Amino acid sequence: MIDEAAVADVVVRRVDAIDAATADAITWIADDRYARRLATSRAAAVIGRSSHLGSDPRGIVVDDPEAAICDVLERFRMPRYVPEPGVHPSAVVSEGVDLGVGVRIGACSVIKPGAEIGDNTIIHDGVSIGADACVGRDCELHPRCVVGDRCEIGDRVTLHAGAVIGTDGFGYIFREGRHRKIPQIGTVIIEDDVEIGANSCIDRAKFGATVVGRGSKIDNLVQVAHNVQIGPLCVIVAQAGLAGSSHLDAGVVMAGQTGVTQGVRIGKGVRMATSSIAWSDVPAGATVSGLPARDHRTELRERAQVRRLPKLMDRVAALAERVSRLEAAANHRGAD
Amino acid sequence: MIDEAAVADVVVRRVDAIDAATADAITWIADDRYARRLATSRAAAVIGRSSHLGSDPRGIVVDDPEAAICDVLERFRMPRYVPEPGVHPSAVVSEGVDLGVGVRIGACSVIKPGAEIGDNTIIHDGVSIGADACVGRDCELHPRCVVGDRCEIGDRVTLHAGAVIGTDGFGYIFREGRHRKIPQIGTVIIEDDVEIGANSCIDRAKFGATVVGRGSKIDNLVQVAHNVQIGPLCVIVAQAGLAGSSHLDAGVVMAGQTGVTQGVRIGKGVRMATSSIAWSDVPAGATVSGLPARDHRTELRERAQVRRLPKLMDRVAALAERVSRLEAAANHRGAD
Amino acid sequence: MIDEAAVADVVVRRVDAIDAATADAITWIADDRYARRLATSRAAAVIGRSSHLGSDPRGIVVDDPEAAICDVLERFRMPRYVPEPGVHPSAVVSEGVDLGVGVRIGACSVIKPGAEIGDNTIIHDGVSIGADACVGRDCELHPRCVVGDRCEIGDRVTLHAGAVIGTDGFGYIFREGRHRKIPQIGTVIIEDDVEIGANSCIDRAKFGATVVGRGSKIDNLVQVAHNVQIGPLCVIVAQAGLAGSSHLDAGVVMAGQTGVTQGVRIGKGVRMATSSIAWSDVPAGATVSGLPARDHRTELRERAQVRRLPKLMDRVAALAERVSRLEAAANHRGAD
């Protein structure tokens, strides 16, 4: 895709944003906003569409600049450290664990009885895999993450450091002056190609399974409660929370610090703005914001109206004055 | 409680919700809403009150359906994995640690000098117990949780994976161009029958102790700052936060993503709705919502009024028009 | 600073707040509010300014009571547990790791190839240090924290339990029906004298580095996304979140559960009130609150106006009534 000849006599040592790029950096233009900064950029090479690059001699014309810069970033990536193939001597792998071909188990990781690890999966150091848990192939489990008993992880799944899969759901009934715990006998199913961020928590179902659908991506410090159903291809940004038995259809985007309350269903392709909280179902395709979340434009309009309240109050006061004057005049006339 | 004879010729293989139940599932009816779905449910057996079950042949009459379904879930629970009794060879238990009868210490766990672990307590793998910390009997500490030095954990306490008890409180004074740390010399006291969720944090007190009261239940990713006092039987849902020296009286319920600011006191039995933030004390028994949190009905009424703002603005504009017409007429008359 | 002779015949066994102090406690007065409680306090000794202490015989006069109480707390601090100097036999330190003089590495910690640990740094148990990572001198890394490959940690840095430094940033492009991960090839730089709370997450940059500036203090469960730039001396309270490429200038204070959205810049010395979310740049020196965050006084005024909406509605209704009466009178007169 990239015309290598065109950059043959330029040495590029780093990737950087268009404004920050130094004379040894390659950068990219994704939209008009960045195109306006092309002239002042010191970058050695600039990836973009021909409409944005014009005749700039540094330009490398591509159809999809964002995909092209991903390719470039891959080339600049430092080789990452992975444990040696096999089981590190300090790891504790129970008897009867089923390890696939090419599996790597890092130092001080613990794999409990009955667990299965698929081919070529990388388990970094200090990871805990529960009894009878099943991890697919080509996964990467980063340091200190925890997979609970009987949880099922698909293929090509990434769990980042400290992520916890399969803790008990949070459910109690209050009887005889104390909280009785509702047994949480279900599991968690993480489908293929899911990524789960650092220190995020996915709770085990009360019964059945909490599900994170194929290709969904979850950021850090996200809470997914028991029996939540997350459809495929969702994106859930940091510190968002999904309460028990809530449901995301395919392709939902939850921005940072958003929430969905118990049992609520969010329709296909919904986009929730930062910090919005869905208290009731949201129809497919909607963009929502606010607390409670509702149509983003309605929310913005209402906020604008609230901001005009001082003027409205002044206007009502002025009107009252004018009415008083009219009344005084009418009384005066009446008294004539 | 359950009449076993009545279900003798029915094979039940799972528990499920009334709508999702298949012909081999048992379900339950807790209220009128679910009772309406009884006729269309395919469940093999249904637990409920006689008033809800009527003469349905699948009915199993009980006084307390929610407690009964807990009993049923217990029966369906898979045996869970616990470490072998004693200390796993890879665990590191310092000299002088006092281990009770029947204690189990999992792989790669670390117990520091002077710690005490009560009878029958289960320490899973990768747990860290601080010096001179004291953990009671019949506790369960899940993988990768951390208990700091000198913290005290009562009996029958559960700490879920990644929970951190006894980190320094967050306090500084700004002097001579830098933040000086206020020493956090206190501890944490977790009373009996408490449960603390995955990756939640309970900070050590500046002096004295941060306290989580008897029977309180804390969900995942909750922050409890230094010197917080949580009374007995509180319920704190995921991602809630309690700032320094705040105080919950008995039986407070904090929903998900709620907050209590510094030094604020929440009265007995208060219920805080999702995402509400208490900026000032809340009296016993109140139900609050909003930012800042206040009486839930007041909050709802106010939101309704804001939604009527566009109409109010139209109304004021129409009134202004009418006043102008009256003024014009009065001027005209005055000019006569 | 403290006049030791004056307290020579008083035995002080603890530090406590002025109201809670018992007859064997020392307390302090920081402002007028506490000074009013001096007479009723049972404390054995009270640190304060002369203006607050008057002639109270228990008074210990100092210029800076908050700094003095820090000194006192230091004296009451229990000696804390640190691992023995050197490497614990259960720790796994790769060949070629560079350990400074006096370094302590606790049980079950893992230090990967190429890492450097500066003089006198304390690595507690169960810590994971990535390949080619660099940790400065006089640092303390608490149990179970994780430092990713190639991350750079300055001198005198504290990472609390479960903190995760250097997870991949959260970035994808959606192509051909799936999310393609944008490679996150950058690192994290934590400058000198930074403290990072339990289970907080600092993501690796897409390229370049995510930076936490000199002397900044971060509480528990905070999210710092890729390419965030945090200036020196900032204070970020628990559960706050900074989205990708956001920027804090020096000395910003973010209260608990606040947020800054993508690419937003917060000016020098800004104070963000609890739960406020900055959707756009905030100028230096501002105090902001609300969602979206704006000038705190404007926000408070607007909230007060919303609370006066019911009265405004009544007022408009009364005005409409008066106008109707004027119209009726005018019509009547016109009909004359």
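It should be emphasised that the depicted structure is a prediction, and the values quoted were computed from it without experimental measurement.

What about the interface of chain B and chain C?
Many authors give the size of an interface as the accessible area that is lost as the parts come together.
Working step 1: The interface of chain B with chain C comprises 65 residues on the first partner and 64 residues on the second.
Working step 2: Summed over both partners, the interface of chain B with chain C buries about 5200 Å², with 65% contributed by carbon and sulfur atoms.
Working step 3: On the chain B side of the interface with chain C, the three residues burying the most area are Phe170(B), His179(B) and Phe207(B), jointly 12% of the side's total.
Working step 4: Applying the counting criterion to the chain B and chain C interface returns six salt bridges.
Working step 5: One salt bridge in this structure joins Glu327(C) and Arg322(B), with 2.8 Å as the shortest N-O distance.
Working step 6: At the junction of chain B with chain C, the criterion picks out 21 residue pairs in polar contact (both at pLDDT 80 or more).
Working step 7: Contributing elements (two or more residues each) for the side of chain B that touches chain C: strand S18 (164-167), strand S19 (172-175), strand S20 (178-181), strand S23 (201-203), helix H4 (296-307) and helix H5 (309-335) of chain B.
Working step 8: Sorting elements by how many residues they give to the side of chain B that touches chain C places H5(B) first, with nine residues.
Working step 9: Along the lines of polarity and charge, the residues of the side of chain B that touches chain C split into 31 nonpolar, 17 polar and 17 charged.

Here we look at the domain arrangement of chain A
Working step 1: Along its sequence, chain A is carved into domain 1 (5-76), domain 2 (86-296) and domain 3 (304-336).
Working step 2: The distance between the C-alpha centroids of domain 1 of chain A and domain 2 of chain A comes to 37 Å.

Concerning the relation of the copies chain B and chain C
For these two chain copies, the linking operation is a rotation about an axis paired with a shift along it.
Working step 1: In screw terms, the move from chain B to chain C is a rotation of 120° and a rise of 0.1 Å along the axis, fitting with an RMSD of 0.2 Å. On this basis, the relationship between the two copies can be described by a three-fold rotation axis.

Brief notes about the side chain of Ser109(A)
Residue and element names in this part refer to chain A.
Working step 1: Residue position: serine 109 is located in the loop between strand S8 (104-105) and strand S9 (110-111).
Working step 2: Accessibility expressed as a relative area gives 0% for serine 109, which makes it buried.
Working step 3: Here histidine 124 takes part through its backbone oxygen, which lies 2.6 Å from a polar atom of the side chain of serine 109.

Remarks on the sheet that holds strand S27 (residues 229-230) of chain B
Residue and element names in this part refer to chain B.
Working step 1: Strand order in the open sheet made by the nine strands is S7-S10-S13-S16-S21-S24-S27-S30-S33, with parallel pairing throughout. Pairing within the sheet leaves two strands with one partner each, and these edge strands are strand S7 (98-99) and strand S33 (265-266).
Working step 2: Here strand S21 (residues 187-190) pairs with strand S24 (residues 209-212) via four bridges, running parallel. From the neighbouring strand, isoleucine 189 faces S24, where its bridge partner is valine 211.

Considering the sheet that holds strand S24 (residues 209-212) of chain A
Residues and elements named next belong to chain A.
Working step 1: Strand order in the open sheet made by the nine strands is S7-S10-S13-S16-S21-S24-S27-S30-S33, with parallel pairing throughout. Lying at the two open borders of the sheet, with one neighbouring strand each, are strand S7 (98-99) and strand S33 (265-266).
Working step 2: The pairing of strand S16 (residues 152-153) with strand S21 (residues 187-190) spans two bridges and is classified as parallel. Within S21, the residue paired with isoleucine 153 across the bridge is isoleucine 190.

Examining the interface of chain A and chain C
Working step 1: Each partner contributes to the interface: chain A provides 63 residues, whereas chain C provides 65 residues.
Working step 2: Together, the buried faces of chain A and chain C total about 5100 Å²; carbon and sulfur atoms form 66% of this surface.
Working step 3: Considering only the side of chain A, the residues that lose the most area to chain C are Tyr81(A), Arg144(A) and Met313(A), jointly responsible for 12% of the buried surface there.
Working step 4: One can count six salt bridges joining chain A with chain C.
Working step 5: Where Lys181(C) meets Glu195(A), a salt bridge forms, and the shortest distance between an N and an O atom there is 2.5 Å.
Working step 6: Joining chain A to chain C, the criterion identifies 21 residue pairs in polar contact (both at pLDDT 80 or more).

Looking at helix H4 (residues 296-307) of chain A
Residue and element names in this part refer to chain A.
Working step 1: Along its twelve residues, H4 runs 17 Å from first to last C-alpha, staying within 8% of the 16 Å computed at 1.5 Å per residue.
Working step 2: Taken residue by residue, H4 has Glu299, Glu302, Arg303, Gln305 and Val306 as its buried positions. Projected down its long axis, H4 shows its buried positions confined to an angular sector of 160°, all on one face.

A short note on unusual backbone geometry
Residues and elements named next belong to chain B.
Working step 1: Here the residue pair leucine 291 and proline 292 is connected by a cis peptide bond, since its omega of 0° sits within 30 degrees of zero.
Working step 2: Among the secondary structure elements, proline 292 is positioned in the loop between strand S36 (287-289) and strand S37 (294-295).
Working step 3: Of note, arginine 150 is a non-glycine position whose phi angle comes to about 65°, a positive value.
Working step 4: Tracing the backbone shows arginine 150 in the loop between strand S15 (146-147) and strand S16 (152-153).
Working step 5: Phi is positive for serine 275, which is not a glycine, with a value near 70°.
Working step 6: Residue position: serine 275 is located in the loop between strand S34 (271-272) and strand S35 (277-278).
Working step 7: Residue classification places serine 275 among the buried residues on the basis of a relative accessible area of 12%.

So, how was this worked out
- Residues numbered from 1 in each chain as written.
- Chains lettered and ligands numbered in written order.
- Predicted model: local features only at pLDDT ≥ 70, side-chain atom pairs only at ≥ 80, totals over all residues.
- Heavy atoms only, no water.
- Contact = heavy atoms within 4.5 Å.
- Buried area = accessible area lost by both parts, 1.4 Å probe.
- Salt bridge = Lys/Arg side-chain N within 4 Å of Asp/Glu carboxyl O.
- Polar contact = N/O pair within 3.5 Å; in protein donor to acceptor, adjacent residues only side chain to side chain.
- Helix = DSSP H or I, 4+ residues; strand = E, 2+ residues; numbered from the N terminus.
- Nonpolar A, V, L, I, M, F, W, Y, C, P; charged D, E, K, R; others polar.
- Domains from an automatic or database assignment.
- Least-squares fit on C-alpha atoms with pLDDT ≥ 70 in both.
- Buried < 20%, exposed > 50% of the residue type's maximum accessible area, 1.4 Å probe, protein only.
- Pairing = 2+ DSSP bridges.
- Expected span 1.5 Å × (residues − 1).
- Arc of directions from axis to C-beta.

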